[in-house]
Each structure stands twice: as C-alpha cells, then as structure tokens.
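Structural overview
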Amino acid sequence: MNTNLYKRSRLMYIFEAALEYLISILVAGTYLATVTKELGISDTLTGIISSFISLGCVFQLFAMLIRKGNTKRTVLILSVLNQLLFMTLYIVPLTGGSKNIKTVLFIIIILLAYFFYNIAHPKKIDWFMSLVDNEKRGIFTAKKEMVSLIAGMIFSFAMGAVVDHYKAIGDIRTAFVICGIVIFILMILHTLTMIFTVQKPNEDKVKTKKIDILSIHKDKNILKITTVFVLWHIATYCATPYYGTYQIEELGFSQVFVATLSVVYAVARVFFSMIWGKYADKQSFAKMLRLCFAVAALGFLINTFCAPENGKVFYTMYYICYAIAMGGINSALINLCYDYVEEEKRSDALAVSLAVAGIFGFLSTLAVSPLVTYIQSNGNTFLGMNVYAQQVLSAIAFLLTVVTIIYVSISLVKIQKISSKK
C-alpha cells in the first residue's frame, strides 16, 4: 500500500484522538457535575456515575466476540452511537418528568454510551496502532497527546466561559443546548477522520488467539499487566470521581478557573509527554510507568491537604503532578501490551485488562461512597478531625499508588520485551 496513505492515516489518528478528547471533556469532571447538579443528583451518586467510565471498560469484553466483518465499519458505527448518546446527556435536563425519571434516564444513557465506546475501543486502538512503527510508538503517542491537550486547553477555556456566562445569568439550560450542539459537530468531524484512515491489507483476516478471561492466569505476562491496570484503577477511582463536585462545591471554583486549570494541566502534560515518550523508547514503558506513578502519588499526597482556604494553590499543585504523570501513564498502559504480549493476543489482552480493571475501579468507587456520605453527614469530620471526604480519599489514593509502584518494580521492570526476543 502507498506509504503516503499510511502517513495520512497516522495524521488522521492524531486528529481523531484530539476530537474524541474534546468530546470526553464535555462528559466528565465539572461539566458532568454541572449536569448532575441540575438534575438534583447527590455528590455520592455523581461520583458513582463518574466511575461508569471505569465500569464501562467491562464492555470491552464484547469486543473479543467480534471476529468477522470489517473493523473500520464496526468502529465507525459504534463511535457514532456512543457520541450521539453523549450528546443526549445534555438533553435529559431539558425534558419534562420527575427528578427520579430523569436520573434513571441519565444513568441508562451514560451506561449505553460507554457500552458502545468500550466495544469499539480495543479494535480501534489495534487498527490505528498497527499503522505506527514499533520503534516510534513512544514518540508518536507523545505527539498525539500533545495535539489533543493543546486543543483541549483552548476548548476547555472557551466552553468554560460559555457555561459560566449562562450560569451567571440563570440560564444554564442554554449552556446545555450549546454543549449538545458542540458534541454533534465534533462527532461529524471525528467520523470523517476515521473514514479517511486506511486499514492494513488483510487486517481482518489475521487469525487471533482467543483469550478466556477465566483462564487469564495461563499467560503470566498478561496477568501481570492486568494487575497493574487493576491497581491503578483502584487507586484513581477511589478518589478522582469525587473531585468534580469538590471543585464546584466545597472549593468554589468557577468554570473559568477550572478551564484555567485545564490550561495548566495541558501545558505540563504536553511538555512531559515528549520527555516520557523518548524515555520509553530508550528504556521501556514499564520503567517510564514506574516514574509516572511516583509523580501521581505525590499529587495525591498534596491533595490530601487541599481545603477551601488553600484550594486554588494546592489543587493546582495536585493537578500539575497529575498532568505530568498522565503524560505517560495512558500510553504506557496500552503499550505494555505491545511490549510484553504476543501480536495475535494484543487486542484481547487490552480488552481483558481494561475490563477487569474497570470492574475493580467501579467497585472501589462504590466501596468509598459510604465513607463520603459518612464524613459529609457528620459535618466534614473524620476520626475527630475536620476534613473533607475528598481529602481522606486522596490519602487512600496515595497509599494505593505507592503499592502500585512497588508491584511494577517487582513484576514488570525486569521482563524482556517480546520485540527484543525476535
């Protein structure tokens, strides 16, 4: 196939990732919290709904059942369905009906949205990453993240200003309409990037080895990778789903300040993405991941001391650390499958790892929800101390991330990469 087509497709991949990221911004964090607040949903339930992103990974197991047909067509259809449902989330508050009915409808829609997203995700990653040279995966993923983050920085600031404006004049519903329209436009552009991305010849005809989730222990490398996914998901999802409401409620951040945080986040993550990418290509994604987790742990530790009186400073410090860490974590977790798993198993290995991790991530959110309710119902006191629930959750996340660092050091850093064995 013409190398120019591959070059164009890699460029389309960068744009596709950026557009998908912009849509994700509007259905997470303070944006999601703003919608749930309008629906009268509690902080605890909002945290659980936010963790549906993690639970949705379970649906990636369905991707393992897709063996025949055209990968590109399947991913296209599922992506459009997913993004149409995301758009619908902003329509629910505008409809009639009781609070309970709208809450149930909102939950069903977000579950369905992530159902379609996660079925498509492993196949899409396998399709796009097959177009990238193995020796350049670190640099390429860094460039891809840089474009997404720069676009996200500008986008967050613009959309934050829109939401703040309409919130200030008491017309939040108009903001919801605008957000819905924006998602629809982004969906059209996102679909076009996939249409103009090619597949490698015979990609759908390659025989794959099915992985049984119940017998995952048979491949020690996949088991180790899955364990890393699980530990990280538990650490993050016991705390971060509750940060959205913390920012707009207890800390009193405006959407413009949240957008400013997004700018700081993007700058830090863009700068370190390239550094992490070069480091991973020279060393390994496992070693890079260990360093990224260490920075994330520092961020959670800082957030343990974040309160209204110092919120803007301490949360910004946490967010910078988290940005630096995430500049490498996402790409490293995916690339672990490419470093340590046989080629014919990679798509299923990623699906299984994300699915199992998703279950544990969601369960961790559920597990801490009674603690959140307990602390808030007792006047923000815990063990005799005046603290907010999110501070306690940050301390838990810190300890769990340290455990994850230890596990990566023991189990993955010294394993020989599959590519180096050839």
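Right above here is the structure, for reference.
Residues numbered from 1 in each chain as written. Predicted model: local features only at pLDDT ≥ 70, side-chain atom pairs only at ≥ 80, totals over all residues. Heavy atoms only, no water.

1. Regarding the overall build of the chain
- In terms of regular secondary structure, the chain is built from 15 helices and 2 strands.
- For the chain, the proportion of its 422 residues judged to be buried stands at 56%.
- For the chain, restricting intrachain contacts to residue pairs at least 6 apart in sequence, the fraction spanning at least 24 positions comes to 86%. (Helix = DSSP H or I, 4+ residues; strand = E, 2+ residues; numbered from the N terminus. Buried < 20%, exposed > 50% of the residue type's maximum accessible area, 1.4 Å probe, protein only. Contact = heavy atoms within 4.5 Å.)

2. Some words on the side chain of S273
- By secondary structure assignment, the location of S273 is in helix 11 (residues 255-282).
- Within polar-contact distance, the side chain of S273 engages the backbone oxygen of G327 at 3.4 Å.
- S273 has contacts with A142, E145, M146, L149 and G327, leaving out every residue within four places of it along the chain. (Polar contact = N/O pair within 3.5 Å; in protein donor to acceptor, adjacent residues only side chain to side chain.)

3. Considerations on helix 2 (residues 29-38)
- Among the 10 residues of helix 2, 7 are classified as buried, and the element is accordingly described as predominantly covered.
- Among the residues making up helix 2, those that are buried are T30, Y31, L32, A33, T34, V35 and T36.
- A positive backbone phi angle near 80 degrees is found at G40, which sits one or two residues after helix 2.

4. Looking at the packing of helix 5 (residues 71-89) against helix 6 (residues 99-129)
- The N-to-C vectors of helix 5 and helix 6 enclose an angle of 150 degrees; their axes lie 8 Å apart at closest approach. Taken together, the axis directions place helix 5 and helix 6 in an arrangement best described as roughly antiparallel. Where helix 5 crosses over helix 6, the two elements pack in a sense that is left-handed. (Axes fitted to C-alpha atoms, helices over the stretch in contact; angles between N-to-C directions. Parallel < 35°, antiparallel > 145°, perpendicular 65-115°, else oblique. Left-handed = near helix turned anticlockwise from the far one by under 90°.)

5. A word on the nonpolar core
- Counting residues in hydrophobic clusters, the biggest one holds 119 residues, and the most contacted among them are L26, W232, I329 and L336.
- The element that contributes the greatest number of residues to this core is helix 13 (residues 311-340), accounting for 14 residues.
- Setting aside its immediate chain neighbours within four residues, I329 contacts W232, L289, C292, F293 and A296. (Core = buried A, V, L, I, M, F, W, Y, C linked by side-chain atoms within 4.5 Å.)

6. Quick word on the environment of K167
- Relative to the helices and strands, K167 is located in helix 7 (residues 137-168).
- K167 sits 133 residues away from T34 along the chain, and the two C-alpha atoms are 9.8 Å apart.
- When neighbours within four sequence positions are excluded, K167 is seen to be in contact with T34, I172 and Q255.

7. Observations concerning the pattern of salt bridges
- Applying the stated criterion across every chain yields a total of 3 salt bridges.
- Across the pair E16 and K124 runs a salt bridge, and its minimum N-O distance is 2.7 Å. Here K124 lies in helix 6 and E16 lies in helix 1 (residues 3-25), a separation of 108 residues in the sequence. The pair formed by E16 and K124 is uniform in burial state, with each residue classed as buried.
- Between K37 and E249 there is a salt bridge, with the nearest N and O atoms lying 3.3 Å from each other. In this pair, K37 sits in helix 2 while E249 sits in the loop between helix 10 (243-248) and helix 11, placing the two residues 212 residues apart along the sequence.
- Here the salt bridges do not stand alone but share partners, grouping E16, E20 and K124 into one network. (Salt bridge = Lys/Arg side-chain N within 4 Å of Asp/Glu carboxyl O.)

8. Some thoughts on the packing of aromatic side chains
- One pass over the full model with this rule turns up 22 aromatic pairs.
- Each ring, one from W127 and one from F128, has its centre 4.6 Å from the other, and the planes form 20 degrees; the classification is stacked.
- One aromatic cluster is present, built from ring pairs that chain together Y243, F253, F257, Y265, F300, Y315, Y318, Y319 and Y322.
- For the cation-ring pair, K312 lies above F257, with the distance from its terminal atom to the ring centre recorded as 4.9 Å. (Phe/Tyr/Trp six-rings, centres within 6.5 Å; stacked < 30°, edge-to-face > 60°. Lys NZ or Arg CZ within 6 Å of the ring centre and 35° of its normal.)

9. A closer look at helix 5
- Compared with an ideal rise of 1.5 Å per residue, which puts 19 residues at 27 Å, helix 5 spans 27 Å between its outermost C-alpha atoms and is within 8% of the ideal.
- Where helix 5 is concerned, the buried positions are T71, K72, V75, L76, L78, S79, N82, Q83, L85, F86, M87 and L89. (Expected span 1.5 Å × (residues − 1).)

10. Quick look at the packing of helix 9 (residues 220-237) against helix 13
- In the contact formed by helix 9 and helix 13, the axes pass within 10 Å of each other and the chain directions differ by 160 degrees. As far as their axial angle goes, helix 13 and helix 9 are roughly antiparallel. The chirality of how helix 9 crosses helix 13 is left-handed. The segment helix 9 lies against helix 13, with N221, I225, V228, F229, W232 and T236 engaging Y322, M326, I329, L333, I334, L336, C337 and Y340.
- Considering only residue class, the contact of helix 9 with helix 13 consists of 12 nonpolar, 2 polar and no charged. (Nonpolar A, V, L, I, M, F, W, Y, C, P; charged D, E, K, R; others polar.)

11. Regarding unusual backbone geometry
- Unlike most non-glycine residues, N380 shows phi in positive territory, near 55 degrees.
- With respect to the helices and strands, N380 occurs in the loop between helix 14 (346-377) and strand 1 (381-382).
- Given the relative accessible area of 23%, N380 is considered partly exposed.
- Phi at L383 is positive, roughly 55 degrees, even though this residue is not glycine.
- Looking at where L383 falls in the secondary structure, it is placed in the loop between strand 1 and strand 2 (385-386).

12. Observations concerning the side chain of R269
- In this fold, R269 is placed in helix 11.
- A relative accessible area of 7% places R269 in the buried class.
- Ignoring anything within four residues of it in the chain, the contact list for R269 reads E145, L149, A323, M326, G327 and N330.

13. Description of a nonpolar patch on the surface
- A cluster of nonpolar side chains, contributed by L94, V177, I181, F184, I185, I188, L189, L192, I195 and F196, occupies part of the molecular surface with about 820 Å² of accessible area.
- Judged by relative accessible area, L189 falls into the partly exposed class, the value being 40%. (Patch = residues over 30% accessible without salt bridge, like charges linked within 9 Å, V, L, I, M, F, W, Y side chains within 5 Å. Areas by Shrake-Rupley, 256 points an atom, 1.4 Å probe, with all protein chains shown as cover.)

14. A word on the environment of I234
- Here I234 lies in helix 9.
- Sequence separation between I234 and L400 is 166 residues, and the spatial gap between their C-alpha atoms is 7.6 Å.
- When residues no more than four places from it in sequence are discounted, the contact partners of I234 are F360, G361, S364 and L400.

Purely spatial values, then, with no claim about function.
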